[in-house]
Amino acid sequence: MHAIRCEIDTEFRGTEALADLAWRWLTEGAERLEGESFQAVLDSTDLVEESLKKAVPCGPPGGLWGFLKVDSVGRGRITNRSKVLTRKNLPNLRKWLISDVQLAELAIYRLDEQGMPGQELLRMGVARDEDAEDWVRLSAEAPEGRFAPADQPRWTELLRDFSQEVDPSYAQIGYSLTLGRTEHEERVGPPLPELTLPHSRRLLRGYEWLTVIPREIAQQLGGAEAIAAGDFHRVETLRDGAVLLQVTPEFDGFTGGAIERTWQLLRPALRPGMPKRYPDSDAVRPPSRLWYADTV
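What counts and what doesn't
- Counting from 1, residues in each chain are numbered in the order their sequence is written.
- Under the rules for a predicted model, residues below a pLDDT of 70 receive no local features and side-chain atom pairs below 80 are neither given nor counted, while totals for whole chains, interfaces and linings still include all residues.
- Hydrogens and water molecules were not included; the side-chain quantities draw on all heavy atoms of the structure.
- Two aromatic rings from Phe, Tyr or Trp, using only the six-membered ring of Trp, form a pair when their centres are within 6.5 Å; if the ring planes differ by under 30 degrees the pair is stacked, by over 60 it is edge-to-face, and anything between is tilted.
- When accessible area is computed with a 1.4 Å probe and restricted to protein chains, residues below 20% of their type maximum are described as buried, those above 50% as exposed, and intermediate ones as partly exposed.
- In DSSP terms, a helix is any run of H or I states spanning at least four residues, a strand is any run of E spanning at least two, and both are numbered starting from the N terminus.
- Placement of a positive charge over a ring is assigned whenever Lys NZ or Arg CZ falls within 6 Å of the ring centre and within 35 degrees of the normal to the ring plane.
- Should DSSP find at least two bridges between two strands, the strands are taken to pair.
- In this description, a line fitted to the C-alpha atoms serves as the axis of each element, helices being fitted only across the stretch in contact, and the angle between N-to-C directions of two axes falls anywhere from 0 to 180 degrees.
- Using only the protein atoms, space was sampled on a 1 Å grid; points where a 1.4 Å probe fits but cannot get out form cavities, open sets with protein on both sides within 12 Å along at least five of seven lines form pockets, and lining residues are those with an atom within 4 Å of a point.
- Grid points are joined across faces, edges and corners, and a volume is the space filled by probe spheres set on the points.
- Amino acids outside the nonpolar list (Ala, Val, Leu, Ile, Met, Phe, Trp, Tyr, Cys, Pro) and the charged list (Asp, Glu, Lys, Arg) are all regarded as polar, and Gly is one of them.
- What a helix should span is 1.5 Å times the count of its residues minus one.
- In this analysis the local bend is the angle between axes fitted, respectively, to the seven residues ending at and the seven residues starting at the residue.

Caption draft 1: Structural view of the packing of aromatic side chains. Taken as a whole, this structure holds nine aromatic pairs when the rule is applied. Each ring, one from W65 and one from F67, has its centre 6.1 Å from the other, and the planes form 55°; the classification is tilted. As far as burial versus exposure is concerned, W65 and F67 are alike and both buried. For the ring pair F147 and W209, a centre distance of 6.1 Å and an interplane angle of 90° mean the geometry is edge-to-face. One end of the pair, F147, is in the loop between β6 (132-143) and α3 (152-166); the other, W209, is in the loop between α5 (193-196) and β8 (210-213), and 62 residues separate them in sequence. Grouping residues by exposure puts F147 and W209 together as buried. By the ring-pair criterion, three or more aromatic residues cluster together here, those being F147, W155, Y175, W209 and F251. Looking at R277, its charged tip hangs above the ring of Y292, at a distance of 4.0 Å from the centre. When the ring centre of Y278 is taken as reference, the NZ or CZ atom of R285 above it lies at 3.6 Å.

Shown next, in the form of structure tokens:
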């Protein structure tokens, strides 16, 4: 099963600002996307603390389990901290986030018949790439099966609300790809996000069913009025001038003509190049959602 990824990119504005943003993204995001499961894990009293260090059952078969993890840098070395996700352990996350965070994650799993982590239900993340430390990437990932039409408004509103406050250089909801790349990066290049993040207010990293266009590029495209003329489902100007573009009402509707209309609108802001094609028989890759033409 393919995974869905929500991502918001913005500049790093200091350790204190990141600690607050990361705490709210990880905990509020988990509550908004998986509220019932999140609360059930927090309230569980039969999760095994040493399951993060030993190959032992994490809890009752079929139950819920999760973890907190923060990797930070101090005095030239990386410190890794982790705990089982419980209400008792949650305050540790806030304490860890005060450090120079490189990666922070909160994840929720359904345990299999042996009580080991089976299906991952949700993974919330906050990351600063080693080669792009001036940038912060907020992410949320879940299996496509947990992204039904009834679930999608929770994701779009989470992305919208956090984009309102961080002045994003890019944001999207689409299929999860290797290394957090957009499909445009994967098929056109450059192949690594740390190579595109520094230029993401001048060149879009990509486009998807839901894309947040940074204010600088939105202005180049003529602003929200010009973008709305493309007959899209939702066009909204955010607080700092970025424009949220939701192409179709539902995720599965982003096909064919909808992809072409999006590409036609955004092509002046995309890195030029003909997208590479992969064999249709490659079931590992999610369905392609690019328009196969060069921008020039």
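Still more ground to cover, so stick around.
Caption draft 2: Structural context of the sheet that holds strand β2 (residues 64-74). Ordered by their spatial adjacency, ten strands build an open sheet running β3-β2-β4-β5-β6-β1-β7-β8-β10-β9, and the pairing between neighbours is antiparallel. This sheet does not close on itself; its edge strands, each paired only once, are β3 (77-84) and β9 (234-237). Strand-to-strand, the axes of this sheet are offset by a mean angle of 15°, without reference to chain direction. Where β9 lies against strand β10 (residues 243-246), four bridges are found, and the strand directions are antiparallel.

Caption draft 3: Representation of the pairing of β9. A one-sided burial pattern is seen for β9, the buried positions being R234 and E236 and the unburied ones V235 and T237. If you look at the hairpin formed by β9 and β10, you'll find five residues sitting between the two strands, and G241 has a positive phi there, around 105°.

Caption draft 4: Local environment of the layout of surface pockets. Space inside the largest pocket adds up to approximately 260 Å³. Along the wall of the largest pocket there are 15 residues; nearest its centre are R5, A127, D129, R137 and L179. Among the secondary structure elements, those contributing two or more residues to the lining of the largest pocket are β4 (101-111), β5 (117-129), β6 and α5. The dominant element in the lining of the largest pocket, judged by the number of residues it contributes, is β5, at four residues. Here the residues of the lining of the largest pocket sort into five nonpolar, three polar and seven charged.

Caption draft 5: Looking closely at helix α1 (residues 15-43). The end-to-end C-alpha distance of α1, which contains 29 residues, comes to just 30 Å, noticeably less than the 42 Å that a straight helix rising 1.5 Å per residue would cover. Largest kink in α1: about 120°, centred on E34.

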